[in-house]
Amino acid sequence: MTGYIVRRLFYGVLIVLGVNLFTFVLFFAVNTPDDMARLAIGGRHVTTEAIEQWKVQQGYDKPLFVNAEASGTAKLTETIFYERSVPLLRWDFGFSDAGRDITYEISQRAGPSLALAIPTFVLGMFASIAFSLLLVYFRATWLDFWGVVFCVALLSISALFYIISGQYLFAKLLRLTPYSGFAGGWDMLRFLALPVIVALVAKLGPEARFYRALFLEEAGKDYVRTARAKGLTERVVLFRHVLRNAMLPILTSSVAVIPLLFMGSLIAESFFGIPGLGSYTIDAINAQDFSIVRAMVFLGSVLYVIGLLLADISYTIADPRVRME
Amino acid sequence: MPQFVLLWTDAALFALILGVIAYAWRVARSPNLRATWGRVLHDTPAMCSAVVLLAFVLVAVLDSVHYRPALPPAPGAAADAPTAYSPVTLSVLDAVLTATVPAAERSWSAPLATRQFTKETELVDGEPVRDFPRLQYGGAHLADEAGWAADVTQRAVLGLAGGLAAAMALALLVSLLLALRWRLGWREACRDIAAGVTRVPWRAMLITLGLLCLVIGVVAGLSSGYHVLGTDRTGNDVLVQALKSIRTALVIGSLTTIAMLPFAIGFGLAAGYFKGWADDVIQYLYTTLTSIPGILLIAACVLMLQVFIDTHPELFPTAAQRADVRLFMLCLILGFTGWAGLCRLLRAEAMKLSELEYVQAARAFGVGHGRIILRHLLPNVMHIVLITVVLEFSSLVLYEAVLSYLGVGVDPSMNSFGSMIDMARTEMSRDPMIWWNLLAAFVFMLALVLSANLFADAVRDAFDPRGARFRVRRRRAQRSPA
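**Structural notes on the overall build of chain A**
Argument step 1. Within chain A, the secondary structure is distributed over 14 helices and zero strands.
Argument step 2. Listed N to C, the secondary structure of chain A is α-α-α-α-α-α-α-α-α-α-α-α-α-α in terms of helices and strands.
Argument step 3. Buried residues in chain A amount to 36% of all 325 residues.
Argument step 4. If you take every contact in chain A between residues at least 6 apart in sequence, the share linking residues at least 24 apart comes to 67%.

**Some thoughts on the overall build of chain B**
Argument step 1. If you tally the helices and strands in chain B, you get 17 helices and five strands.
Argument step 2. The principal-axis extents of the C-alpha atoms in chain B amount to approximately 95 × 65 × 60 Å.
Argument step 3. Counting only residues that meet the buried cut, chain B has 42% of its 482 residues in that class.
Argument step 4. Excluding contacts between residues fewer than 6 apart, the proportion of contacts in chain B whose partners are at least 24 apart in sequence is 74%.

**Points about the interface of chain A and chain B**
Argument step 1. With 48 residues of chain A in contact, the opposing surface of chain B contributes 40 residues.
Argument step 2. Tallied by class, the residues present in the side of chain A that touches chain B amount to 35 nonpolar, ten polar and three charged.

**Here we look at the environment of Lys221(A)**
Argument step 1. Along the chain, Lys221(A) falls in the loop between α9 (187-219) and α10 (222-229).
Argument step 2. Residues Lys221(A) and Val242(A) lie 21 residues apart in sequence; the distance between their C-alpha atoms is 9.2 Å.

**Thoughts on the nonpolar core**
Argument step 1. One finds Val293(A), Ile298(B), Ala299(B), Leu346(B), Leu406(B) and Ala441(B) to be the most contacted residues of the largest nonpolar core, which totals 173 residues.
Argument step 2. Ranked by residue count, the leading element in this core is helix α8 (residues 238-274) of chain B, at 20 residues.
Argument step 3. Ignoring sequence-local partners within four residues, the contact set of Leu346(B) consists of Ala264(B), Ile265(B), Gly268(B), Leu269(B), Gly272(B), Val381(B) and Ile384(B).
Argument step 4. Residues Ile129(A), Phe131(A), Leu155(A) and Tyr211(A) belong to the second largest nonpolar core, which totals 14 residues.

**Some points on helix α7 (residues 142-155) of chain A**
All names here are of chain A.
Argument step 1. Compared with the 20 Å implied by 1.5 Å per residue over 14 residues, the 20 Å span of α7 between its first and last C-alpha is a close match.
Argument step 2. Restricting attention to buried positions, one finds in α7 the residues Gly147, Cys151 and Leu155. Along the axis of α7, the buried residues cluster in a sector spanning 60 degrees; they form a single face. Facing away from the buried side of α7, by more than 90 degrees, are the exposed residues Trp142, Trp146 and Val149.

**Notes on helix α6 (residues 102-137) of chain A**
Argument step 1. The end-to-end C-alpha distance of α6(A), which contains 36 residues, comes to 50 Å, matching closely the 52 Å that a straight helix rising 1.5 Å per residue would cover.
Argument step 2. When the local axis directions of α6(A) are compared, the greatest deviation, roughly 30 degrees, occurs at Arg109(A), which is followed within four positions by the proline Pro112(A).

**Structural notes on the packing of helix α5 (residues 148-182) of chain B against helix α7 (residues 202-223) of chain B**
Residues and elements named next belong to chain B.
Argument step 1. The N-to-C vectors of α5 and α7 enclose an angle of 150 degrees; their axes lie 7 Å apart at closest approach. Considering the angle they form, α5 stands roughly antiparallel to α7. Handedness of the α5/α7 crossing: right-handed.
Argument step 2. The residue inventory of the contact of α5 with α7, partitioned by class, reads 20 nonpolar, six polar and one charged.

**Here we look at the pairing of strand β5 (residues 127-131) of chain B**
As a general feature of sheets, a regular strand has side chains that alternate between the two faces.
Residues and elements named next belong to chain B.
Argument step 1. Here β5 lies mainly on the outside; zero of its five residues are buried.
Argument step 2. Inspection of the sheet shows strand β4 (residues 120-124) paired to β5 by five bridges, in the antiparallel sense. When the sheet's bridge partners are listed, Leu123 is paired in β5 with Pro128.

**Thoughts on the packing of helix α13 (residues 277-287) of chain A against helix α14 (residues 290-318) of chain A**
Residue and element names in this part refer to chain A.
Argument step 1. Relative to each other, α13 and α14 sit at 140 degrees, their axes nearing to 8 Å. Comparing their axes, α14 and α13 come out oblique. The two elements α13 and α14 cross, and the hand of that crossing is left-handed. Taken together, the residues of α14 that come into contact with α13 (itself represented by Thr281, Ala284 and Ile285) are Ile292, Val293 and Met296.
Argument step 2. Per-class residue counts for the contact of α13 with α14 are five nonpolar, one polar and no charged.

**Description of the sheet that holds strand β3 (residues 90-91) of chain B**
Argument step 1. Reading across from one edge, β1-β2-β3 (chain B) is the order of the three strands in this open sheet, with antiparallel pairing throughout. Two strands bound the open sheet, and with one partner strand each, they are β1 (3-5) and β3 of chain B.

**Considerations on the pairing of β4(B)**
Argument step 1. The buried fraction of β4(B) amounts to zero of the five residues, a small share that puts the element mostly on the outside.
Argument step 2. Connecting β4(B) to the antiparallel partner β5(B) that follows it, the hairpin turn spans two residues, and Asp125(B) within it adopts a positive phi of roughly 50 degrees.

**Some remarks on the confidence of the model for chain A**
Argument step 1. Scored by pLDDT, chain A has a mean of 83; 91% of the residues are at 70 or more.
Argument step 2. Per-element confidence in chain A ranges from a low mean pLDDT of 68 for helix α4 (residues 74-77) of chain A to a high of 91 for α7(A).

**Description of the confidence of the model for chain B**
Caution is warranted with low-pLDDT regions, since their predicted coordinates should not be read in detail.
Residues and elements named next belong to chain B.
Argument step 1. Mean pLDDT over chain B: 86, with 96% of residues reaching 70 or higher.
Argument step 2. Mean pLDDT values over the elements of chain B span from 37, in helix α17 (residues 476-479), up to 93, in helix α3 (residues 44-62).
Argument step 3. Across residues 468-482, confidence stays below pLDDT 50; counting only partners more than four residues off in sequence or on other chains, it has 46 contacts.
Argument step 4. Taken together, the chains of this predicted complex give a pTM of 0.88 and an interface ipTM of 0.84.

**Details of the environment of Leu123(B)**
Residue and element names in this part refer to chain B.
Argument step 1. Note on placement: Leu123 falls in strand β4.
Argument step 2. When the 8 C-beta atoms within 10 Å are taken as the criterion, Leu123 is described as exposed.
Argument step 3. Along the primary structure Leu123 and Val52 are separated by 71 residues, whereas in three dimensions their C-alpha atoms are 49 Å apart.

**Comments concerning unusual backbone geometry**
Argument step 1. One non-glycine residue, Ala140(A), adopts positive backbone phi at about 65 degrees.
Argument step 2. The phi dihedral of Lys275(B) is positive, around 55 degrees, even though this residue is not glycine.
Argument step 3. Turning to its location among the elements, Lys275(B) is positioned in the loop between α8 and α9 (276-291).

Cut-off values and rules
- Residues numbered from 1 in each chain as written.
- Chains lettered and ligands numbered in written order.
- Predicted model: local features only at pLDDT ≥ 70, side-chain atom pairs only at ≥ 80, totals over all residues.
- Helix = DSSP H or I, 4+ residues; strand = E, 2+ residues; numbered from the N terminus.
- Buried ≥ 20, exposed ≤ 12 C-beta atoms within 10 Å, placed from the backbone.
- Contact = placed C-beta atoms within 7 Å.
- Nonpolar A, V, L, I, M, F, W, Y, C, P; charged D, E, K, R; others polar.
- Core = buried A, V, L, I, M, F, W, Y, C linked by C-beta atoms within 7 Å.
- Expected span 1.5 Å × (residues − 1).
- Arc of directions from axis to C-beta.
- Bend = angle between axes of the 7 residues up to and from the residue.
- Axes fitted to C-alpha atoms, helices over the stretch in contact; angles between N-to-C directions.
- Parallel < 35°, antiparallel > 145°, perpendicular 65-115°, else oblique.
- Left-handed = near helix turned anticlockwise from the far one by under 90°.
- Pairing = 2+ DSSP bridges.
- pLDDT = per-residue confidence, 0-100.

Here it is as structure tokens:
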């Protein structure tokens, strides 16, 4: 077990290194720092001196990979690649192009992101499973048929519509919740109610349909028929046998997603004005702040790798038939 | 004679349509494929949605024939001077729409309105009066606004009659063709269709077609004098924008999946067939790619692309070309970032297949690796590819809206549902509310995505009857953005 985990961990580190190299190539080799400087300075102010000055200011005035002018190890360390990539591995994200400490910003914004993402995740999973169980309980009836139609209709609507119509209905017409914004303490509930409800509705369609297919597949198995044959009621069969067995893959696959909750949700946070990591990322994209985008890419990939690792471990714990190779 | 322009996405779209026709020809000749597609053809919801989808494709094709109209010869120019062409690239759809829909107003106006939505100061008899001004084109034929209701009803009824006539004519044509095909009398063919006993659900399809004709008829009748769905902030007709957005959505939905196929098929089959270090390398590649948050990767690529376009203006002479290249590259970027899911499925399937007897036999006969992959593996995984392509279509259409909202989608000058929603978002908070922009985008998108979903479900059921769920699960952060 330990050897397996260590091997997976090593693989994860390898992937993080790959991501780092890939994003570096994407951000610096495709477009030279000169291009970025022109973009940042913008318009008519672009002169050679201004570009040089910007590059010195941002620390982009060194060669990309190999510094021929330096000697010894400095050949490799006195480069943009070294200065920009290695600190990331130490969790030092440096400063944004606007001059703010990215690490501090991330630590400030993780809280609001999680405050939205965790209730959405837990309640969303609960609602989808409950709804799909209802459909499975009434399978092959008109309720099941129209339930599936409802799901297909729900998943054919863009998430943006749910947000806009939710804001219109609850905030403008009924005046139950504020349009957008965020506050600490108990006020948070007032601000988070609407985003969570909207996210629940948006997720219900695809997830309930997926879970329904999963449960139906499980309900067609032999042991379920045996359970029915020995006279158990449908309710007991569904909850004690089908649900318990089908929950296993659902839970293990959702373990992989849990670390990613940190990243927040881009759309919901920017629509509802929640100062989390999602809106931070969007602001960075809009401001074309490459430092922040790179930091967020790095953070996201690390979290994804952690999720993969957790999923692997939970598979082996949950299902003894899965051997660790 | 106008000068025809073939933009990149036009060429890709036409090539795609040719490819679909070639595939249909192949299906018709292969009994196996014909039986499978037969299951789709006998599915009522799928065929009704196919009718709707075809209507959308027709609009997109009309919008893909681009040309630059010839300008009238300059006064005093020599008779043999070369014809000058307009710098604006138009499409056939533009030409049809400018002929039928009232021209652009100055600002917002509600659907079917005769007056502008916002007040302006006008000079009436030398006195400045602050009032809602009459629209320049929408309802301008009305001398007296009291006749508005009667006029609208008259136009709607006329349009309805036209739609009814078109529906009748189409139904007649279809039934005649079917009667010829079935070698029956026309009367018997009609009886079969009306009774709904045909295996292909012709009755439901004809009803869908009829309803479509009626809707188009009413809208066309009304838009002869009014802005049926109102106008937006700059006075452009919302109906025109929605119709022009269809092409963007279809291009993104179809070209992206085509762009991801080479990576997915090549890498997936190679990994599953060769195993060993090739498998390790390819697995590492796609795990690395999926571990980068999808939206961020796309945003980074699009930002890079924008920098490239900005620094090389000489490559793209017209604005339409610039917007088109951005759309084309966006499809490539989405394809490049999205191939991992399909690759994983194909790898697993190829691994399973390469252990089967017929592949072993081929190897024992000394058939080369490339030939085994092409002749024995590829045809046997095509159903997975097909299912993925049709399933991905609708989620990509929805995804485009999200990307455009984030500002990393299509060029702002190009109509798309995403930019329509983005614009409508700020208008919702006005009082009284401007709802028609959002409604138009909602209705068109729902029709497109819902019919694509229904059709995709039927295709999946036909090609994957065991319900093995070959559903590519994109990263959750990407799939449900809310």
